[in-house]
Amino acid sequence: MTKKELFADGLLLLTALIWGSAFAVVKNTLDSFPPAAIIAMRYAIATLLTAVAFRKHLRGMTRGDVARGAMVGLLLSAAYIVQTIGLQFTTAGKNAFLTTVYVLLVPFGCRVLFGQRLRKANYFAAGLMLAGIGLLSLEGEIGGLNVGDALTLLCGALFAGHMIAVERCQRETDVYALIVLQFGFAALYALAYALLFERGQPFDFNAGSVGGLLYLAIFSTTIAMSLQNIGQSMAPASHSAILLSLESVFGALFSCLLLGEPMTPKILAGFAVIFAALMVNELAGKPAQA
């Protein structure tokens with residue numbers, strides 16, 4: 001692997017680590033704010049922070065750049081709204097597992113939409129990764145699909161669309177400008193949804209809820225999603241999806257370390273399968289860019 005590839009993988013792994021550590025924060029914050037309102041507030045804060053940090057990259061933007069930012073932002077906000085609403089009706093483990101269907105959808109999407117050439121090992125690695133995440137996430141929670149599960153599956157499809165769109169749009173729009181644009185549009189779309197469908201729902205601003213919201217805005221959104229976009233500018237979406245799906249692994253690790261949940265043989269088996277998937281994917285090499 002080249003230094004650039006190692007750097008990209010490091011950014012994507014760090015993104016997955018931050019997302020995995022923040023899952024409990026989202027669950028707790030839902031006790032204080034409606035789903036779309038959380039997303040609108042976290043992305044509004046993230047927009048302000050990234051606009052200041054990347055202000056030099058915003059000069060000379062074209063209508064095409066804005067249009068691409070609007071499209072990527074729509075996929076991003078829709079994915080998070082659907083995921084957050086789904087989390088209210090299903091278990092955390094099933095939500096984490098079902099969301100990661102993007103691991104399978106991204107390679108097929110790139111293949112169908114753009115003719116990106118994938119090796120058989122890349123497909124095999126995606127399947128192994130999904131199986132490993134299932135071992136981690138479905139401990140004692142297997143059952144029929146409910147409305148929350150269906151929404152979570154839709155969320156996974158939207159995240160796949162977002163990853164593919166980010167890769168393609170970065171070819172014509174500056175990476176850092178695209179970060180700010182998609183954050184801004186995600187905030188606007190979520191605000192519109194909140195005004196239409198969440199009017200009258202309670203808001204509870206207290207130390208815990210504000211702290212959780214700031215954590216999501218600064219770490220999970222501003223930092224982690226910026227790292228995701230930068231990492232994806234150096235790696236194909238299908239490869240990025242494998243690494244980003246480690247969010248579920250880190251979530252399981254943090255639940256064991258911080259919440260005292262047991263490290264069962266099933267969880268250890270899940271880690272082993274996921275490690276095997278990563279090795280298969282890395283040894284196969286990255287898919288060729290279309």
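Cut-off values and rules
Residues numbered from 1 in each chain as written. Predicted model: local features only at pLDDT ≥ 70, side-chain atom pairs only at ≥ 80, totals over all residues. Heavy atoms only, no water. Helix = DSSP H or I, 4+ residues; strand = E, 2+ residues; numbered from the N terminus. Buried < 20%, exposed > 50% of the residue type's maximum accessible area, 1.4 Å probe, protein only. Contact = heavy atoms within 4.5 Å. Areas by Shrake-Rupley, 256 points an atom, 1.4 Å probe, with all protein chains shown as cover. Phe/Tyr/Trp six-rings, centres within 6.5 Å; stacked < 30°, edge-to-face > 60°. Lys NZ or Arg CZ within 6 Å of the ring centre and 35° of its normal. Salt bridge = Lys/Arg side-chain N within 4 Å of Asp/Glu carboxyl O. Patch = residues over 30% accessible without salt bridge, like charges linked within 9 Å, V, L, I, M, F, W, Y side chains within 5 Å. 1 Å grid on protein atoms, 1.4 Å probe; cavity = no way out; pocket = protein on both sides within 12 Å on 5 of 7 lines; lining within 4 Å. Points joined across faces, edges and corners; volume = space filled by probe spheres on them. Nonpolar A, V, L, I, M, F, W, Y, C, P; charged D, E, K, R; others polar. Core = buried A, V, L, I, M, F, W, Y, C linked by side-chain atoms within 4.5 Å. Axes fitted to C-alpha atoms, helices over the stretch in contact; angles between N-to-C directions. Parallel < 35°, antiparallel > 145°, perpendicular 65-115°, else oblique. Left-handed = near helix turned anticlockwise from the far one by under 90°.

Caption draft 1: A look at the overall build of the chain. A tally of regular secondary structure across the chain gives 13 helices and 0 strands. The order of helices and strands in the chain, counted from the N terminus, is α-α-α-α-α-α-α-α-α-α-α-α-α. Looking at the chain as a whole, 53% of its 290 residues are labelled buried. Taking as baseline every contact in the chain between residues at least 6 positions apart, the subset at least 24 positions apart corresponds to 92%. Total accessible area on the chain is roughly 12,700 Å²; 70% of this is exposed by carbon and sulfur atoms.

Caption draft 2: Up close: the packing of aromatic side chains. Evaluation of the coordinates by the stated rule reveals 11 aromatic pairs. Among the aromatic residues, those joined into a ring-pair cluster are Tyr43, Tyr80, Tyr102, Phe159 and Phe183. Against the face of Tyr80 rests Arg42, its NZ or CZ located 4.9 Å from the ring centre.

Caption draft 3: Region of interest: the pattern of salt bridges. This model, assessed by the stated rule, comprises 3 salt bridges. With its nearest N and O atoms 3.1 Å apart, the salt bridge here joins Arg68 to Asp65. In this pair, Arg68 and Asp65 both sit in helix α4 (residues 63–87), 3 residues apart, roughly one turn of the helix. Pair check on accessibility: Arg68 and Asp65 agree, each one buried. One continuous salt-bridge network, built from bridges that share partners, spans Asp65, Arg68 and Glu172.

Caption draft 4: Region of interest: a nonpolar patch on the surface. A grouping of Leu49, Phe203, Phe205, Val210, Leu214, Ile218, Phe219 and Ile223 is seen on the molecular surface, where their side chains present a nonpolar patch of about 660 Å² in accessible area. Top element by residues in the nonpolar patch is helix α10 (residues 207–232). It accounts for 5 residues. When you line up the elements, Phe205 lands in the loop between α9 (175–197) and α10. Phe205 sits in the exposed class, given a relative accessible area of 52%.

Caption draft 5: The arrangement of empty space enclosed by the protein in detail. For the structure shown, the criterion picks out 1 cavity of 30 Å³ or more. Here the largest cavity is characterised by a volume of approximately 260 Å³. Around the largest cavity sit 20 residues that line it, and Trp19, Tyr80, Gln83, Phe159 and Glu247 are the ones nearest its centre. At the level of elements, α2 (23–29), α4, α5 (92–99), α8 (147–169) and α10 are the ones that each hand at least two residues to the lining of the largest cavity. Residues that form the lining of the largest cavity fall into these classes: 11 nonpolar, 7 polar and 2 charged.

Caption draft 6: Quick look at the nonpolar core. Judged by nonpolar contacts, the single largest core of 54 residues is most densely connected at Tyr43, Tyr80, Tyr102, Val106 and Met129. Setting aside its immediate chain neighbours within four residues, Tyr80 contacts Trp19, Ile39, Arg42, Tyr43, Phe159 and Met225. Residues Ala22, Val26, Phe33 and Met41 belong to the second largest nonpolar core, which totals 11 residues.

Caption draft 7: A look at the side chain of Ser209. Mapped onto the elements, Ser209 comes out in helix α10. Excluding its chain neighbours within four sequence positions, the residues that come into contact with Ser209 are Thr29, Ser32, Phe33 and Asp204.

Caption draft 8: A look at the packing of α8 against α10. As a packed pair, α8 and α10 sit with axes 9 Å apart at the nearest point and diverge in direction by 55°. Between α8 and α10, the crossing angle belongs to the class labelled oblique. As α8 runs across α10, the sense of the crossing is right-handed. Mapping the contact onto sequence places His162, Met163, Val166 and Glu167 in α8 and Met225, Gln228, Asn229 and Gln232 in α10. Each residue belonging to the contact of α8 with α10 can be placed in one class, and the counts come to 3 nonpolar, 4 polar and 1 charged.

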